[in-house]
Amino acid sequence: MQQIYNDKMNYNDLSEQEQIRRQSLDELRKLGIDPYPAAMFPVNVTTKEIASDFSAESNNFQDVAVAGRLMGKRIMGSASFAELQDEKGRIQLYFKRDDLCPGDDKTGYNTVFKKLLDIGDIIGVRGFVFVTQMGEISIHVKEMTLLSKSLKPLPIVKEKDGTVYDAVTDPEFRYRQRYVDLVVNPVVRDVFIKRTKIINSLRELYNSRGYLEVETPVLQPIPGGAAARPFITHHNSLDIPLYLRVANELYLKRLLVGGYEGVYEFAKDFRNEGMDRTHNPEFTVMEIYIAYKDYLWMMDFVEEMLEKVALDLHGTTKVPYADTIIDFKRPFNRMTMAGAIKQYTGIDITGMNEDQLKNACHQLNIEIDETMGKGKLIDEIFGAKVEHHLVHPTFIMDYPVEMSPLCKKHRSDPNLTERFELIVNSKELCNAYSELNDPIDQRERFQEQLRLSEKGDDEAMFIDQDFLRALEYGMPQASGLGIGIDRLTMIMTNQPSIQDVLFFPQMKPEKGQATRDEAQEKYIAMGIPVEWVDVLKKLGYTSTDKLKETKAGKLSNDLNGFNKKNKLGLKGLSPQEVEEWLKE
RNA sequence: GAUCCAGUAGCUCAGUAGGUAGAGCACAUCCCUUUUAAGGAUGGGGUCCUGGGUUCGAAUCCCAGCUGGAUCACCA
């Protein structure tokens, strides 16, 4: 045991169950069994294939090899049943002592399987498939190989007739240790399979149209394409600040200038803003730009893609979400921004100037501040009074020009832009434009953003001179679209929180290891032997500063007492030794 | 950022007139020897989130903090 733990403190820190598993590990090695063998295990079938294709009549699957995690063990003397879980599902294993160990030596069953194998261990088995008296398809195991020993006990989740017992539900546990969540909550694994299916479904559609999947920079000198606060970083050899992208729009449009007629990217974007049920600092957006199209064409295309995703995933356009069913059957509802506001507030904002809009906000009890321009005021009204009504897919079109600096002016009203958002479940799911390709207009819009920025809007866009230069060479008319993939996944998989569709949602760092290791060096620098550092921390001397305020006599007493009480077996300390530590 | 709720065994959770910390599953030992979340018996396992305070005595009451969740604000 000592060889496994270079440090006895750590061993004592382990729970009883963890200590027992480490002892089992030791005993396995003594029996000549490598708990982490290198050789491949030749799996020839999955549990799902057996479950769906086995029939007693055809007597198939008579030499199967499956591998997975041991999820349950029921020992009945010389016979045992166990549950094996692989990626696709679970199957029952049947062990019979004399079949597993045909000779005189029954160690393989009595010791290895019954005693040294734990729930959570990864094993491979060979055998034949049969049906038990209870009617359960099972594998009669003739050979078993330990593939990877598990040292931490898994939470035990059991299920009977669709009722789950003791399910792991603590969100913090689930998000921080997603690997455990995935093992014990198969539904969670399924959500992420669906997420990939959604992305594949969209990609198939785009590729079938001949659009090109591309990659553009994540590190950008100017974070353009969206109004959002960026993360900032620094490049050492160039010695310049770089920003993590908030959007990839401006780069994809440069590619239209370059002559590609349809480009798309599934992009991770980063925004240094609040976190909640629908916002994570990094998130995935699909952006696509198609030359010679306009936003009206794009609306039809969005309907086509979302209907396809729903059908590919569910086989129907009707998708259950929370208490309702969202129907992605086309066509979707279409309203203009002004029309929607008029419908839900009775106020017609058409043609209003900034003061009139501020009045309207007062009238509607909407809080505003001095930094807000026309665009932001209208958006406030929409957000406060309209958005929450829009549960089923609804296009909101023709946004005011002030809030859409990258969008072409409306062909029949210069105060509006050719822009739409698709609102589903009261949240923006898609955003699309007839892209602005007039370089002079674009320059003026950027300058307007600059004025907003000077007014105090910290999300206003920067001027990207290279982008303007690209537009001056000429960009074809085009329509562009962004879809929030995380939110789309939430809706399509009926998940209430963005954290449920991200494998590793952003969390506050766990306190512990990292800081502890850093501090350990400080203790050692004081001349304290490594083996005493953990003892000090256990006694509450969590910083070296705290330590220096303590008298050497008391300290050596405390340390020696702890050593004795916990039978650590460390060599006792003299007060003189301890005094040396505290000297500077 | 504001308000509310939660934090007790590996997991799910009980536990207040303040008075020695509990259950189920898991784990260990023994018995049983073809089970279906669960065969039987016995047993081990706890920083009751952390730090203060009140008290003879705090898981429990008070204050502060940490972590998470919910709602709101912010997030075109």
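Everything numeric in this text was worked out from a predicted model, so none of it was measured.

## Some details on the overall build of chain A
No. 1: Of the regular secondary structure elements, chain A holds 21 helices and 22 strands.
No. 2: Here chain A holds 584 residues, and 46% of them are scored as buried.
No. 3: Of the roughly 30,000 Å² of accessible surface on chain A, 50% is carried by carbon and sulfur atoms.

## Regarding the protein's contact with RNA strand B
No. 1: Taken together, 45 residues sit near RNA strand B, with G77, K158, E273, H279 and D379 positioned nearest.
No. 2: Per the 4 Å cut-off to the protein, sugar and phosphate atoms form 56% of the nearby atoms of RNA strand B.
No. 3: Between RNA strand B and the protein, one listed contact pairs a base nitrogen with a backbone N or O atom of M403 at 3.4 Å.
No. 4: Residue K508 places a side-chain N or O atom 3.2 Å away from a phosphate oxygen belonging to RNA strand B.

## A word on the side chain of R174
No. 1: Secondary-structure assignment places R174 in helix 6 (residues 171-176).
No. 2: A polar contact is formed between the side chain of R174 and the side chain of D181, at a distance of 3.0 Å.
No. 3: With residues near it in sequence (within four places) discarded, R174 still touches V168, T169, D181, N185, V188 and D500.

## Some remarks on the confidence of the model for chain A
No. 1: Summary statistics for chain A give a mean pLDDT of 86 and a share of 86% for residues scoring 70 or more.
No. 2: Model confidence for chain A, summarised as mean pLDDT per element, is weakest for helix 17 (residues 513-525) at 50 and strongest for strand 8 (residues 212-213) at 98.
No. 3: Taken together, the stretch residues 1-9 has pLDDT below 50 and engages in 15 contacts with residues farther than four places along the chain or on a different chain.
No. 4: Low confidence marks residues 512-518, where pLDDT is under 50. Its contacts with residues over four positions away, or in another chain, come to one contact.
No. 5: Predicted as a complex, the structure gets a pTM of 0.84 and an ipTM equal to 0.87.

## Focus: the sheet that holds strand 5 (residues 137-148)
No. 1: In space, the five strands of this closed barrel follow the order 1-2-3-5-4, with mixed pairing throughout. When the angles between neighbouring strand axes are averaged without regard to direction, this sheet yields 50 degrees.
No. 2: The sheet contact formed by strand 1 (residues 64-76) and strand 4 (residues 122-131) spans six bridges and is antiparallel. For V66, the partnering residue across the bridge sits in strand 4 and is V125.
No. 3: Taken strand by strand, helix 5 (residues 107-116) contacts strand 1, strand 2 (79-86), strand 3 (89-96) and strand 5, and its axis lies near 85 degrees from that of strand 1.

Basis of the calculations
- Residues numbered from 1 in each chain as written.
- Chains lettered and ligands numbered in written order.
- Predicted model: local features only at pLDDT ≥ 70, side-chain atom pairs only at ≥ 80, totals over all residues.
- Heavy atoms only, no water.
- Helix = DSSP H or I, 4+ residues; strand = E, 2+ residues; numbered from the N terminus.
- Buried < 20%, exposed > 50% of the residue type's maximum accessible area, 1.4 Å probe, protein only.
- Areas by Shrake-Rupley, 256 points an atom, 1.4 Å probe, with all protein chains shown as cover.
- Near = heavy atom within 4 Å.
- Polar contact = N/O pair within 3.5 Å; in protein donor to acceptor, adjacent residues only side chain to side chain.
- Contact = heavy atoms within 4.5 Å.
- pLDDT = per-residue confidence, 0-100.
- Pairing = 2+ DSSP bridges.
- Axes fitted to C-alpha atoms, helices over the stretch in contact; angles between N-to-C directions.

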